[in-house]
Amino acid sequence: MERIVLGDVEITRIVEWQGPFGPARAIVPGVGPEVWRDHEKWLAPEHWEPGTDSFVAALQTWVLRSDGMTVLVDTGVGYGRERPHTPQFAHRQTDFLGQLAAAGVRPEDVDIVVNTHVHADHVGWNTVEREGEWVPAFPHARYLIAAADYASVDPQSDHWLGRPDDHLVFADSIAPVRHAGQAVLWEDTHRIDAHLTLEPAPGHTPGSSVLRLESGTDRAVFVGDVLHSPVQILDPSCNSCFCEDERAAAATRRRLLERAADERELVIPAHFAGSGTAEVRRAGSGFAITGWA
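*Asks:* How would you sum up the overall build of the protein? Please name residues and give values.
*Replies:* Each helix and strand in the protein was counted, giving nine helices and 17 strands. The globule rule puts the C-alpha radius of gyration for 293 residues at 19 Å, and the 18 Å found for the protein is close to it. In terms of overall dimensions, the protein has a C-alpha envelope of 55 × 45 × 35 Å along the principal axes. Here the protein holds 293 residues, and 56% of them are scored as buried. Summarising the internal contacts of the protein: among those between residues at least 6 apart in sequence, 66% fall at separations of at least 24. As displayed, the protein has an accessible area near 12100 Å², and 48% of this comes from carbon and sulfur atoms.

*Asks:* So what's going on with the packing of aromatic side chains? Which residues, and what values?
*Replies:* Going through the model one piece at a time under the given rule, you end up with nine aromatic pairs. Each ring, one from W42 and one from W292, has its centre 6.3 Å from the other, and the planes form 45°; the classification is tilted. Here W292 lies in strand β17 (residues 286-292) and W42 lies in helix α3 (residues 40-43), a separation of 250 residues in the sequence. Arranged with centres 6.2 Å apart and planes meeting at 65°, the rings of W62 and F222 form a pair that is edge-to-face.

*Asks:* An account of the pairing of strand β6 (residues 112-115) is requested, with residue identities and associated values reported.
*Replies:* The two faces of β6 match: I112 and V114 on one face and V113 and N115 on the other face are all buried. Relative to β6, strand β5 (residues 69-73) runs parallel, the two sharing three bridges. Considered in β6, the bridge of V73 is made with V114. At this point the chain moves from β5, through helix α4 (residues 96-102), to the parallel β6, and the crossover so formed is right-handed.

*Asks:* Describe the nonpolar core, listing the residues and the values that go with them.
*Replies:* Counting 42 residues, the largest nonpolar core has L100 and F138 as the members making the most contacts within it. Secondary-structure elements contributing two or more residues to this core are β2 (9-23), α1 (24-27), β4 (54-66), α4, α5 (120-123), β9 (142-146), α6 (147-153) and α7 (166-179). Ranked by the residues each element gives to this core, the list is headed by α7, at five residues. Contacts of L100, omitting those with residues within four sequence positions, involve I14, V63, L72, V105 and F138.

*Asks:* Lay out the pairing of strand β1 (residues 2-6) in plain terms, naming residues and giving numbers.
*Replies:* Bridging between β1 and β2 involves five bridges; their strand directions are antiparallel. Each bridged residue has a counterpart across the sheet, and for R3 the counterpart in β2 is T12. Taken together, β1 and the strand that follows it, β2, pair antiparallel across an intervening segment of two residues, in which G7 is found at a positive phi of about 60°.

*Asks:* With reference to specific residues and values, describe the side chain of R163.
*Replies:* Mapping R163 onto the fold places it in the loop between α6 and α7. Residue R163 is classed as buried on the basis of its relative accessible area, which comes to 16%. There is a polar contact of 2.2 Å between the side chain of R163 and the side chain of E244. When neighbours within four sequence positions are excluded, R163 is seen to be in contact with V118, H119, S152, V153, T205, P206 and E244.

*Asks:* Break down the side chain of S209 for me, with residues and values.
*Replies:* Relative to the assigned elements, S209 resides in strand β13 (residues 209-215). Residue classification places S209 among the buried positions, given a relative accessible area of 0%. Dropping the residues within four chain positions of it, S209 is found in contact with N115, T116, W186, L198, E199, P200, A201, F222 and V223.

*Asks:* Account for α7, naming residues and giving values.
*Replies:* Where α7 bends most, the angle comes to about 35°, and this point is S173, followed within four residues by the proline P176. One or two positions beyond α7, positive phi appears at G181, with a value near 75°.

*Asks:* Lay out the environment of V28 with the relevant residues and their values.
*Replies:* In this structure, V28 sits in the loop between α1 and α2 (33-38). Beyond its immediate chain neighbours, meaning those up to four positions away, V28 contacts S229, V231, Q232, C238, N239 and S240.

*Asks:* Which residues make up the environment of H228, and what values go with them?
*Replies:* Structurally, H228 is set in the loop between β14 (218-224) and α8 (231-234). Judged by its relative accessible area of 5%, H228 falls in the buried class. Note: C-alpha distance between H228 and P269 (41 residues apart in sequence) is 7.1 Å.

*Asks:* Could you give me a rundown of the state of the cysteines, with the residues and numbers involved?
*Replies:* All told, the structure shown has zero disulfides when counted by the stated rule. With no disulfide partner, C238 has as its closest neighbouring cysteine sulfur the one in C243, 11 Å distant. Take C241: it sits in no disulfide, and the sulfur closest to it among the cysteines is that of C243, at 8.3 Å. Classification of C241 as partly exposed rests on a relative accessible area of 40%.

Cut-offs applied
Residues numbered from 1 in each chain as written. Predicted model: local features only at pLDDT ≥ 70, side-chain atom pairs only at ≥ 80, totals over all residues. Heavy atoms only, no water. Helix = DSSP H or I, 4+ residues; strand = E, 2+ residues; numbered from the N terminus. Rg over C-alpha atoms; globule rule 2.2 N^0.38 Å. Buried < 20%, exposed > 50% of the residue type's maximum accessible area, 1.4 Å probe, protein only. Contact = heavy atoms within 4.5 Å. Areas by Shrake-Rupley, 256 points an atom, 1.4 Å probe, with all protein chains shown as cover. Phe/Tyr/Trp six-rings, centres within 6.5 Å; stacked < 30°, edge-to-face > 60°. Pairing = 2+ DSSP bridges. Right-handed = clockwise from strand over helix to strand, strands pointing away. Core = buried A, V, L, I, M, F, W, Y, C linked by side-chain atoms within 4.5 Å. Polar contact = N/O pair within 3.5 Å; in protein donor to acceptor, adjacent residues only side chain to side chain. Bend = angle between axes of the 7 residues up to and from the residue. Disulfide = S-S within 2.5 Å.

Here's what the structure looks like:
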């Protein structure tokens, strides 16, 4: 169990799964093979498998203890889900709740669930199945979901995007939380407590968001899928294949990295394997990684 402390906030990392996910240049198509080779020394094996040219990813949740509250940042894939268009996420059987328990977190202890965006691998443990129905996994929690993302997966919304599997994601991971009265659909910004604030970061999805942490002199930003691979730090113009608005995603990525470099924010993406976190600085037209936390 990995823990770090930033100011008055304790952060625990829960890794649901980690390993090769797909061809590296399919996941980040704008990055040429020479970039991966030139940076092999630090990309391999935690972020890239040279022999198979595979992108290495982690599916993980960050547990924050802040101002007396327990906050989960993203909830992974979940178990037993029908995901016909995403076989990597279908019918998984992981002991995520057991991992939380090992970290001292019972479902009833969770106060806040943050979904940085509504993709299948970020909302799966929002719910569990009981007596044939999906119900909130965390009975006392408020689930913070960007209103724009909620609309994009709600088949009854005028803004529904109709992406593959979205109707299933909505039915088993989002709608039950809403029906239970536990969903908070937020816009603009949303302050959780004295240390934590949600802010829009559109591009990857319409309502993609980041969670900023400020406590004492420490700073961090949980960027969700604004970054999939460390190679995007080197060149923030490169999107992942999952980014829905490529121009907005690239602009958001550069803006967030500029602030992280200038304000010494620790960058915490959703899918970085290895240590999972990076320190960055400006380097020419891009950025460089100065260390892993």
